[in-house]
Amino acid sequence: MLNLRDVFPRGLRVSSFSMRERLVLIGKSTAELRAWIAELGEPAYRGNQLATWIYRKAADRFEVMTDLPAALRTRLNEIACISPNRIETVQRSHDGTLKCLLALQDEQVIECVLLPYEDRISVCLSTQVGCAMGCRFCATAQGGFTRNLTAGEIIDQLLHLQRLSEQRISHVVLMGMGEPLLNLENVLVAIRLIHEEVGISMRRITLSTVGIVPKIYALADQKLPLTLAISLHAPDDETRARMMPVSRKWKVADLLEAARYYFERTGRRVTFEYLLLRGVNDTPRHARMLAERLRDLPCLVNLIPFNYVPTPDNFQRPEPERVKAFRQVLEQAGIRVTQRVERGHEIDAACGQLRGKHLGKPLRFAMRPSPNAPL
Ligand code: SAH
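Residues numbered from 1 in each chain as written. Predicted model: local features only at pLDDT ≥ 70, side-chain atom pairs only at ≥ 80, totals over all residues. Heavy atoms only, no water.

Peer 1: Outline the overall build of the protein chain, supporting the account with residue identities and numerical values.
Peer 2: Along the backbone of the protein chain there are 12 helices and 14 strands. The burial tally for the protein chain puts 54% of its 375 residues in the buried class. Here the protein chain displays about 17,000 Å² of accessible surface, and carbon together with sulfur accounts for 49% of that area. (Helix = DSSP H or I, 4+ residues; strand = E, 2+ residues; numbered from the N terminus. Buried < 20%, exposed > 50% of the residue type's maximum accessible area, 1.4 Å probe, protein only. Areas by Shrake-Rupley, 256 points an atom, 1.4 Å probe, with all protein chains shown as cover.)

In structure tokens, the structure reads:
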């Protein structure tokens, strides 16, 4: 039984509201919208209509909801709003990539990206404001952690991007700012909304994690057909420790075991992301070690050449031949490999770059011309 007190703040029946006090509808399910609208004395099916407009048609105003009576639309305008978040900037790259900064109700800003491909339209969403994981190659990490996003703020990114896209969004990756498994409760609500309300199948949703082992087990036990991507980035603890502080807590062996469990519970093969840094984790020895460790584990490896951002370690992108050789070792060992196609080079598409600029503290480390050789 739905408890309205949990879903909506008190005192909503007062007739006039300032913008700040208006009830935010984004993030509410059809069931919640039905219950709320019934409380207002309207037929419950109006809740279904609202949900269709908000999630399926990406409406951002009540005025366009032409199948609702005009008086109801006026009333909704007075007491509620669909979303209090607004697009702050949009950067468009020639390959069609759109990178947006979304300003939230508390004036925090987050990034989200629309990635049109030939066969699909994908979006990359943030799950937290900032990130606490401190990965040494990541621009978001340099700004630290501020707060978790609500489920509404997560799905709202998708809806804002849908309005900017001519075609329907088909795929979602939770790979923007933040660590989704450290905001699992809200992320799961958002995933269910994306699936049930927007209508994107869970198989087309990918959750990327730095590797929070107990949460991988918790997610596996939900038995959802999501794609899990683990940012492995190294085949051994020593190399991983140079890149990711989280490796102090969970070892590569723990991660691989958790990945196997995820496969066994969900039947979904895990993707291992492997960020290549020149001279750090890109040698043939690393490739052989990785192939050895992934033997017998149903998985896919996604190679990601470093998207250059200035870092204290002065990390660089590997030469293209190195990437090719690395890939060959894995393929010869029978491992399925993909390589991330780079998008939006000229628009600060590396995670956290755009926000860094917006906040006026563009990365702590001196900017210099990008030495990235196109691959
Ligand atoms: N916290 C999650 C999801 C956000 S990061 C995670 O760690 O997976 C999404 C992906 O981008 C991760 O694989 C991350 O390691 C990678 N990444 C971060 N900075 C990068 C950079 N400068 N170049 C390429 N990939 C980067």
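Once the structure has been displayed, the description carries forward.
Peer 1: Describe the site of the ligand, with residues and values.
Peer 2: Around the ligand, 17 residues are found, and the nearest of them are Glu-179, Ser-208, Ser-231, His-233 and Asn-307. A distance of 2.6 Å separates an oxygen atom of the ligand from a polar side-chain atom of Ser-208. One nitrogen or oxygen atom from the side chain of Ser-231 is found 2.6 Å from an oxygen atom belonging to the ligand. In the complex, the protein chains occlude 94% of the 540 Å² of accessible area that the ligand would expose alone. (Near = heavy atom within 4 Å. Polar contact = N/O pair within 3.5 Å; in protein donor to acceptor, adjacent residues only side chain to side chain.)

Peer 1: I'd like a description of the sheet that holds strand β3 (residues 86-92), backed by residues and values.
Peer 2: Strand order in the open sheet formed by 10 strands is β3-β4-β5-β6-β9-β10-β11-β12-β13-β14, with mixed pairing between adjacent strands. The open sheet has two edge strands with one neighbour each: β3 and β14 (336-339). The average angle at which neighbouring strand axes cross in this sheet is 20°, direction not considered. Bridge count between strand β9 (residues 171-174) and strand β10 (residues 205-209): 3 bridges; the pairing is parallel. Across the sheet, Leu-174 pairs through a bridge with Leu-207, a residue of β10. In the packing of helix α11 (residues 320-332) onto the sheet, contacts are made with β12 (270-276), β13 (299-305) and β14, and the angle to β14 comes to roughly 155°. (Pairing = 2+ DSSP bridges. Axes fitted to C-alpha atoms, helices over the stretch in contact; angles between N-to-C directions. Contact = heavy atoms within 4.5 Å.)

Peer 1: Tell me about the confidence of the model for the protein chain, residues and numbers included.
Peer 2: Per-residue pLDDT for the protein chain averages 90, and the proportion of residues at 70 or more is 87%. Across residues 1-17, confidence stays below pLDDT 50; counting only partners more than four residues off in sequence or on other chains, it has 27 contacts. With pLDDT under 50 throughout, residues 361-375 is counted as low confidence; its partners more than four residues away or in other chains account for 30 contacts. (pLDDT = per-residue confidence, 0-100.)

Peer 1: Explain the layout of surface pockets to me, using residue names and the numbers behind them.
Peer 2: The volume enclosed by the second largest pocket comes to roughly 510 Å³. Along its surface, the second largest pocket is lined by 22 residues, and Ile-26, Gly-27, Lys-28, Ala-151 and Gly-152 are the ones closest to its centre. Elements represented by at least two residues in the lining of the second largest pocket include exactly α1 (4-7), α5 (151-164) and α6 (184-198). Top contributing element to the lining of the second largest pocket by residue count: α6, with 7 residues. Here the residues of the lining of the second largest pocket are counted per class, giving 8 nonpolar, 7 polar and 7 charged. Counting the residues that make up the lining of the second largest pocket, at least three belong to each of domain 1 (21-81) and domain 2 (86-359). (1 Å grid on protein atoms, 1.4 Å probe; cavity = no way out; pocket = protein on both sides within 12 Å on 5 of 7 lines; lining within 4 Å. Points joined across faces, edges and corners; volume = space filled by probe spheres on them. Nonpolar A, V, L, I, M, F, W, Y, C, P; charged D, E, K, R; others polar. Domains from an automatic or database assignment.)

Peer 1: Tell me what's going on with the packing of helix α3 (residues 45-56) against α6, and back it up with residues and numbers.
Peer 2: It is the contact of α3 with α6, at a shortest axis distance of 9 Å, that shows an interaxial angle of 110°. When the axes of α3 and α6 are compared, the pair comes out roughly perpendicular. Judged by residue contacts, Ala-51, Tyr-55 and Arg-56 of α3 engage Glu-196, Glu-197 and Val-198 from α6. (Parallel < 35°, antiparallel > 145°, perpendicular 65-115°, else oblique.)

Peer 1: Can you break down the pattern of salt bridges residue by residue, with the values?
Peer 2: Considering all chains together, one arrives at 14 salt bridges under this definition. Arg-136 is paired through a salt bridge with Asp-313; the nearest N and O atoms lie 2.9 Å apart. Residue Arg-136 is found in the loop between β7 (128-130) and β8 (145-148), and its partner Asp-313 is found in the loop between β13 and α11; the two are separated by 177 residues along the sequence. The class of Arg-136 is partly exposed, set by a relative accessible area of 34%. Since its relative accessible area comes to 32%, Asp-313 is described here as partly exposed. When the shortest N-O distance is used, the salt bridge between Glu-153 and Arg-147 registers 3.0 Å. (Salt bridge = Lys/Arg side-chain N within 4 Å of Asp/Glu carboxyl O.)

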